[in-house]
Amino acid sequence: MRLSDHKTIGLAYGVTAAGFLVVGFLLMLLFRWQLAWPGQPMPIATAIFGETNAPGGILLPEFYYQLVAMHGTVMIFLAVVPFATAGLGTYLVPLQIGASGLAFPRLSLLAFVVYAAAGLLMVASFAMPGGAANSGWTSYPPLAILASSGQTAWLAGVFLLGVSSMLSAMTLIATVVAHRAPGLWLRRLPFFVWAQVVTALLLLLAFPALQAAAVFQLMDRVAGTSVFLPSGLAVSNVPLTVSGGGNPLLWQHLFWFLAHPEVYVLVLPAMGIVAEVLTAHARRNLWRYGLMVNAIAALGGWSMVVWAHHMLLTGMGTTMSTFFQITTVVVSVPSVILLTCLVVTLWGGTIRFTTAMCFALAFLPMFGLGGVTGLPLGLAPSNVILHDTYYVLGHFHYLVAPGTLFALFAAVYHWFPKVTGRRLDERLGLVHFAGSFVTMNAIFLPMFLMGLVGVNRRLYDAGLQYELAEPTLRWNASMTWSAVTLGVFQLVFLWNVVRSARRGEAADNPWQATTLEWAAPSPPPPGNFVTPPVVSGGPYRYDEERA
Amino acid sequence: MSAIAVADRRAQAASTGMWLFLASIVMFYGSLFSGFVLLRAGSETWEMPWKTGLSAEWPMAVDHWFRTMWIGFAVMQSRRLSGAGVPVAGLPRYSWLVVLAGVFFFARCVYVAGWLAAQGLVPSASVPLACWYVLNGAVAVLVLGGSIAAVWVALERVPPTQRARRGAMLQRYWMLMLALWLITVTGLYLV
Ligand code: HEM
Ligand SMILES: [Cu+2]
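In every chain, residue numbers begin from 1 and rise along the written sequence. To read the labels, note that chains go from A and ligands from 1, taken in the order they are written. Per-residue local features are limited, in this predicted model, to residues with pLDDT of at least 70; the limit for side-chain atom pairs, both in listing and counting, is 80 or more; totals at the level of whole chains, interfaces and linings are taken over all residues. Excluding hydrogens and water, the side-chain values take into account all heavy atoms of the structure.

Asker: Got a minute to help me understand the overall build of chain A in this structure?
Answerer: To qualify as a helix, a DSSP run of H or I must reach at least 4 residues; to qualify as a strand, a run of E must reach at least 2; elements of each kind are numbered from the N terminus. Scanning chain A from terminus to terminus reveals 17 helices and 2 strands. Against the globule reference of 24 Å for 547 residues, chain A gives a C-alpha radius of gyration of 23 Å, in line with a compact fold. A principal-axis box enclosing the C-alpha atoms of chain A has dimensions of 75 × 45 × 45 Å. Relative accessibility thresholds used throughout: buried, under 20% of the residue-type maximum; exposed, over 50%; partly exposed, between the two (1.4 Å probe, protein chains only). Across the 547 residues that make up chain A, the buried fraction comes to 60%. The criterion used for residue contact is that any of the two residues' heavy atoms lie within 4.5 Å. The long-range fraction of contacts in chain A, counting pairs at least 24 apart against all pairs at least 6 apart in sequence, stands at 80%. Only C-alpha atoms enter the radius of gyration, while the globule expectation follows 2.2 Å times N to the 0.38, with N the number of residues.

Asker: Any chance you could explain the overall build of chain B here in plain terms?
Answerer: When helices and strands are counted, chain B shows 5 helices and 0 strands. Start at the N end of chain B and walk to the C end: the helices and strands fall as α-α-α-α-α. Within the span of chain B, comprising 191 residues, buried residues form 47% of the whole. Of the contacts made within chain B by residues no fewer than 6 positions apart, 79% connect residues no fewer than 24 positions apart.

Asker: Honestly, the coordination of the copper ion (ligand 2) in this entry has me stumped. Any pointers?
Answerer: Tetrahedral metal sites with four donors have an ideal angle of 109.5 degrees; octahedral sites with six donors have ideal angles of 90 or 180 degrees. All names here are of chain A. Those donors, His-260 (ND1), His-309 (NE2) and His-310 (NE2), are the protein atoms that reach the copper ion (ligand 2), and they lie 1.7 to 2.0 Å from it. Note that water is not among the atoms considered, so a metal site may appear incomplete; the donors listed are N, O and S atoms within 2.8 Å of the metal, with 3.2 Å applied to Na, K and Ca. Spacing between the donor residues of the copper ion (ligand 2) along their common chain follows H-x48-H-H. Of the two residues, His-260 is situated in helix 8 (residues 248-282) and His-309 in the loop between helix 9 (289-302) and helix 10 (318-345); the sequence distance between them amounts to 49 residues. Residue His-260 is classed as buried on the basis of its relative accessible area of 7%.

Asker: Just to check I follow, could you spell out the site of ligand 1 for this structure?
Answerer: All names here are of chain A. In these notes, residues near a molecule or strand are those with any non-hydrogen atom within 4 Å of it. Of all residues adjacent to ligand 1, which total 24 residues, the nearest are Tyr-64, His-71, Trp-137, His-397 and Arg-458. We define a polar contact as two N or O atoms separated by no more than 3.5 Å, with the added condition that, inside protein, one atom must be a possible hydrogen donor and the other a possible acceptor, whereas residues neighbouring each other in sequence contribute only through side-chain atom pairs. For ligand 1, a nitrogen atom lies 2.9 Å from a polar atom in the side chain of His-71. A distance of 2.8 Å separates a nitrogen atom of ligand 1 from a polar atom in the side chain of His-397. Every element with two or more residues in the shell around ligand 1 is listed here: helix 1 (6-36), helix 3 (61-96), helix 14 (390-420) and helix 15 (426-453). Among the elements that make up the shell around ligand 1, the one with the highest residue count is helix 3 (7 residues).

Asker: Would you explain the interface of chain B and chain A in this entry?
Answerer: Where the parts come together, the accessible area they lose is often given as the size of the interface. Listed as interface residues are 24 residues of chain B and, on the opposing side, 35 residues of chain A. Buried area adds together the accessible area that both of two parts lose upon being put together, with accessible area traced by a 1.4 Å probe. With both chains or domains summed, chain B and chain A bury close to 2,400 Å², and 79% of this area falls on carbon and sulfur atoms. Only one rule defines a salt bridge in this text: a Lys or Arg side-chain nitrogen within 4 Å of an Asp or Glu carboxyl oxygen. For the interface between chain B and chain A, the tally reads 0 salt bridges. Connecting chain B to chain A are 1 residue pair in polar contact (both at pLDDT 80 or more). Elements supplying a minimum of two residues to the side of chain B that touches chain A: helix 1 (3-41) and helix 4 (127-155) of chain B. Among the elements that take part in the side of chain B that touches chain A, helix 1 of chain B stands out by supplying 17 residues, more than any other.

Asker: Can you help me understand helix 14 of chain A in this one?
Answerer: In an α-helix, one turn spans 3.6 residues; hence positions three or four apart end up facing the same way. All names here are of chain A. Of all bends in helix 14, the biggest is about 45°, found at His-397. Burial analysis of helix 14 places 28 of its 31 residues in the buried class, the great majority of the element. Among the residues trailing helix 14, Gly-421 stands out with phi positive, at a value near 80°. The quantity called bend is, for any residue, the angle between two axes fitted respectively to the seven residues ending at it and the seven beginning at it.

Asker: Sorry, what's going on with the confidence of the model for chain B here?
Answerer: Regions with low pLDDT carry predicted coordinates that are not meant to be interpreted in detail. Within a predicted model, pLDDT stands for the predictor's per-residue confidence, ranging from 0 to 100. Looking at chain B, pLDDT values average 87 and 89% of them are 70 or higher. This prediction of the complex comes with two scores: 0.96 for pTM and 0.95 for ipTM.

Asker: I tried to follow the nonpolar core on my own but got confused; where do I start?
Answerer: Most often, soluble globular proteins have nonpolar side chains that are buried together. Counting 241 residues, the largest nonpolar core has A:Phe77, A:Trp154, A:Ile273, B:Trp132 and B:Trp174 as its most contacted members. Excluding residues within four positions of it along the chain, A:Ile273 makes contact with A:Leu88, A:Phe192, A:Ala407, A:Leu408, A:Ala410, A:Ala411 and A:Trp415. Side-chain atoms within 4.5 Å are what join buried Ala, Val, Leu, Ile, Met, Phe, Trp, Tyr and Cys residues into a set we call a nonpolar core. Counting residues in hydrophobic clusters, the runner-up holds 5 residues, among them A:Ala103, A:Phe104, A:Ala174 and B:Ala13.

Asker: Explain the state of the cysteines to me, please; I cannot follow it from the model alone.
Answerer: What makes a disulfide is a covalent bond joining the sulfur atoms belonging to two cysteines. All names here are of chain B. Only a pair of cysteine sulfur atoms within 2.5 Å counts as a disulfide in this structure description. Within the structure shown, the criterion is met by 0 disulfides over all chains. Considering cysteine sulfurs only, Cys-131 is the nearest to Cys-109, which forms no disulfide, with 16 Å between them. You can call Cys-109 buried: its relative accessible area is 8%.

Asker: Sorry if this is basic, but what is going on with the packing of aromatic side chains here?
Answerer: Aromatic ring pairs are defined here through the distance separating the ring centres and the angle between the ring planes. Residues and elements named next belong to chain A. Any two of the Phe, Tyr and Trp rings considered here, Trp counted by its six-membered ring, make a pair once their centres fall within 6.5 Å; the pair's planes then place it as stacked at under 30 degrees, edge-to-face at over 60, or tilted in between. Inspection of every chain in the model, using the stated rule, returns 46 aromatic pairs over all chains. Judged by centre distance (6.1 Å) and plane angle (70°), the ring pair of Phe-20 and Tyr-115 falls under edge-to-face. Note that Phe-20 is positioned in helix 1 and Tyr-115 in helix 4 (residues 105-124), a separation of 95 residues in sequence. What makes Phe-20 buried here is its relative accessible area of 7%. An angle of 65° between the planes, with centres 6.3 Å apart, marks the rings of Tyr-398 and Phe-444 as edge-to-face.

Asker: Help me out: how do you make sense of the pattern of salt bridges in this one?
Answerer: Proximity of charged atoms lets side chains of opposite charge pair with each other. All names here are of chain A. For the structure shown, the criterion picks out 7 salt bridges over all chains. Ionic pairing is found between Asp-425 and Arg-499, a salt bridge with its closest N-O pair at 3.9 Å. Taken together, the residues span a long stretch of sequence, with Asp-425 in the loop between helix 14 and helix 15 and Arg-499 in helix 16 (residues 475-503) at a distance of 74 residues. A relative accessible area of 22% places Asp-425 in the partly exposed class. Taking the relative accessible area as the measure of exposure, Arg-499 reaches 30% and is therefore partly exposed.

Asker: Teacher, can you tell me more about a nonpolar patch on the surface here?
Answerer: Two distance rules govern patches: like charges are joined within 9 Å, and nonpolar side chains (Val, Leu, Ile, Met, Phe, Trp, Tyr) within 5 Å, applied only to residues with over 30% relative accessible area and no salt bridge. Values of accessible area rely on a 1.4 Å probe in the Shrake-Rupley scheme; residue burial ignores everything except the protein chains shown. Together, B:Val62, B:Trp65, B:Phe66 and B:Met69 give the surface a local cluster of nonpolar side chains, amounting to about 400 Å² of exposed area. What makes B:Val62 partly exposed here is its relative accessible area of 47%.

Here is the structure:
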């Protein structure tokens, strides 16, 4: 294994991101315990987290907020995004375009090292005085500026992640531009490659805004400036000794300028994966390939002008508010086009219900639900009611957990034979799928209702002190048990991966897929292709089977 | 694949990568700058020290002229690096001139910042000053980065045509630096 081989780097990304996924999941289990049984001692908590975080086994609010903030941070920045973009992209894109490697292998390796270092820094900050960042994954000032030193580690980590994603995005796009096999014109690229290119562009153009914001916030925390601190700020009735005169909303603008596109960074690769899996497992060419490519480019581009729909309640004025409500409604058009094309692709297909296919099929309604529930959030009148409630949590988790995560599982089942030369066990796979599907919905569906009732998110006690939350409290226990069960089903998956990697049924191209990566041996040797491929047609040749 | 085709692909990839890199710098600096614009637009008073009498003690115009000149010089020398009308064997010399110009610029930034800080005009004194330090600091660091890249171009042992290509890319970077610097000056001092 050469260190700068794209397959090595892609795998390293995949394994590291999967490790962070486990971390993010465990953090969630901890705070889900607290939500289900607020204030009740958790056995062994004191032993693990010490008296300062969990005296007598009871999680302190300060610690709860660290867990929540770091769950969001780890899941998005360290787990799902790196897996979906740099992980899958670095491994698969050179294969799918018939290249022998990356344009800048050393930069790609550097990107991985920076990512891993940033991740370790952020997670290790749990050991800093005052613990890890505790101001939400959104890190809104003034709170974040007054927070303990873990927030500084968070900011440094985010800055480094920006550097890392810039490097890997550059590498990916340059590879696609310059290293395609002869005959592989742009309109013959697999849809997954398009999805990766658009995603890379988004990361490259949007992440710098968060880096700039991080620089400003670091100045506020370390150099005592007031870029995000307004005049006259007092904490517990004690005036702060800063000059003031800054603007907390500036952070929100810069943060969401990245963080909204970041959502599409999760979703677009997922769409790419689902397109590849649906076509191969339903033996159907992609319906309206050209339209889909245009739609995904439009979706990516347009996602950069909707950011302030996260700020409808900040009093930014009706002109701004109207503008962002309109752009938000418009952005749903290309999403609907994509989803429709994917569904119509199935029409008349010969569907094989493999595990990969099940996950990809489940992605469609789960993503649909997440998308549809977003519309009321994008309109100010309904946003007033829903903002910052559990409804929001339900909405975006449907996009990222049963949505994107299911697509990532589909990717693992689909491309595992490519990476290892062996198949994952289908029976264990279907158990994994069924269990995950049921438990995911059991966790997240109730969140919509809780939100409609009016329960706020980020409540340490799940709303115990509010009368309105009373009827929803008892749902929390079943949600937590569902989360635990979800974890158990992931153990099945883990076992399947470990066992099949060594003893699974040998397979070279078990799905008879027609995209270029399957033309290389499985697993691909250094340099990928035995004879450099020459392309003479489109990526999907399934309809031709029927003719 | 023939050796020429491989070299072509490399060049195409490198050039694409450079454009993307520049785009991300534009976004980074643009975000800092629009932060500044938003802060400035949102506050009634904007007390930059040189508007309140300091400029007599501090030859602001000379200072700008100095720093603009150094960047302009770096752009000119990196232009030669791309091989336009210059014997390729002499190219490394121009790289060193680029390095020198960048280092002078950086040193001048540090000097001015130190001078201001010594008067008690530190970043935490006011939001305008915070903006001054952040915007100047960002340009200074990016310029220093350009100097380091120029050192690399000077020392790397590659065929002359390849070095010329690197020089052309370096030149694009320095053009951007000049643009950023002029925007900074306009924003911070003139508007
Ligand atoms: C798979 C099982 C998951 C469960 C059961 C879960 C559960 C939760 C819950 C209950 C909260 C709210 C805590 C509170 O507001 O007090 C939360 C917050 C959050 N989750 Fe998840 N989550 C899961 C996966 C994910 C994934 C895959 C992502 C992202 C890719 C994610 C991203 C977030 C974010 C960004 C927040 C907001 C954190 C904040 O308020 O700052 N979660 N999660
Ligand atoms: Cu958004």
